[in-house]
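# Examining the three-dimensional arrangement
Here is how the chains run, residue by residue.
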Amino acid sequence: MNFEIEWLHFTVLEASEDDASVKQIRMQKLLTGDEYRSSELRSFLDGEFTRIAKRKVETNPKSESSPTKIGQFVIVEGHSLDSNPNFAQFMQLLNATTSDAVNQHCREMLQSYLRTPQVRGGVLLIVKTRLERFDDHFLFLLKCDFEQKTAVITDEKSLINNVQMAINAKNMKSIMFPLLLEEGMVDSYHVKIHQFSHARYFEEFLKYIDYPQTVMEIVSQEVISLARQHIEMIHPEETDERRQAEEAIELMAASPKRELAERWDHETVLEAAQIITDQQPEVELKFKLDHIQVRSLLADYGVRVHIGKVNGSYVVVLEGETLTFEKGMSPVEFLKPKELEDILHELKRPRQQHDDTPPW
């Protein structure tokens, strides 16, 4: 996969002297393909376009914090894709044939970017490329932040010089349009966005693009739907009990942390989990037992992960063929495991009867 650069628009952004939160343009330059190939930028960017194109992305990311996402152009019912302002802006850049047109449309894109809150200083690159083998054209938006206090050795005496505006491609943000499904197959309804940062401003400046639901959001909605169906089955009539049950579901859905509700029996939970895992096999099951973190797959519930109660306390039983440890040895690694029946017998004993005498 080889991308040939047709033109590259280079912009340096810096904080205003009057207000650091306001970013202003320090320098702009448009390079032709030939100028790019003979510039220092070539060694800096070589391989980045292919790396961005090959970067894996899920249709529905596992969580909101996933660095790479697929964005979809919002289309009002009854209107064409061309009516989307962001799509139109991308197409204007791809179709620009003169340097004046390229500069104009790049400035318009840049102004949209500068109006986004939390924009940082750095270098913004807008690049038109061609995938040589299939003659497909792509637009890349690349943002590199400044690295402060970067030091370089300037001579044999190891004198240090501070470079105030160093940049690198390590945490570079990127947008690729159109979406490359595979070589020779593109999707103009979507863009690929990569931003390895908690701040989502590189997504936000494209106001007319939506992002798919995360797997977590899809599963949560499915669980709420199943819970409502269960309530309707138990309380077919509009009663106070039904309203209270529905309100409890709404409160659970809105809460960032929840305790075990103890409303459904094991078989009902298994059926609900099966419905979800049939659609999303890799859905995770994560919970905390006091200070103990448990992380598994929802598909493991009832098979390798079991939850019960003994003497009013919760008990989690994990089943597997192997038991491995990470770095840092502990005495537990020398354990000869007890039979489960013996452990359960001990758990069932009243706590005050436990023998607290040390074994030595």
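Data block above holds the structure.
Here the structure is a predicted model, which is why all the values come from computation and not from measurement.

What follows covers the environment of Gln293. Looking at where Gln293 falls in the secondary structure, it is placed in strand E14 (residues 292–297). A relative accessible area of 62% means that Gln293 is categorised as exposed. Put simply, Gln293 and Val191 are 102 residues apart on the chain and 37 Å apart in space, counted from C-alpha to C-alpha. The residues contacting Gln293, other than those within four sequence positions of it, are Phe287 and Lys288.

On to the pattern of salt bridges, then. Once the charged atoms of two side chains with opposite charge are near each other, the side chains can pair. The full count for this structure, using the stated rule, is 21 salt bridges. With its nearest N and O atoms 3.4 Å apart, the salt bridge here joins Asp145 to Arg120. Of the two residues, Asp145 is situated in strand E5 (residues 136–145) and Arg120 in the loop between helix H5 (99–114) and strand E4 (122–131); the sequence distance between them amounts to 25 residues. Note that Asp145 and Lys143 form a salt bridge whose closest N and O atoms lie 3.1 Å from each other. Judged by relative accessible area, which is 0%, Lys143 ranks as buried. Among the ionic contacts, a cluster of salt bridges with common partners joins Glu4, Glu6, Lys128, Arg130 and Asp135.

Below, the discussion takes up a nonpolar patch on the surface. Together, Leu323, Phe325, Val332 and Leu335 make up an exposed nonpolar region whose accessible area comes to about 450 Å². Examined against the element boundaries, Leu335 turns out to sit in the loop between strand E16 (313–318) and helix H10 (340–348). Residue classification places Leu335 among the exposed residues on the basis of a relative accessible area of 58%.

Cut-offs applied
- Residues numbered from 1 in each chain as written.
- Predicted model: local features only at pLDDT ≥ 70, side-chain atom pairs only at ≥ 80, totals over all residues.
- Heavy atoms only, no water.
- Helix = DSSP H or I, 4+ residues; strand = E, 2+ residues; numbered from the N terminus.
- Buried < 20%, exposed > 50% of the residue type's maximum accessible area, 1.4 Å probe, protein only.
- Contact = heavy atoms within 4.5 Å.
- Salt bridge = Lys/Arg side-chain N within 4 Å of Asp/Glu carboxyl O.
- Patch = residues over 30% accessible without salt bridge, like charges linked within 9 Å, V, L, I, M, F, W, Y side chains within 5 Å.
- Areas by Shrake-Rupley, 256 points an atom, 1.4 Å probe, with all protein chains shown as cover.

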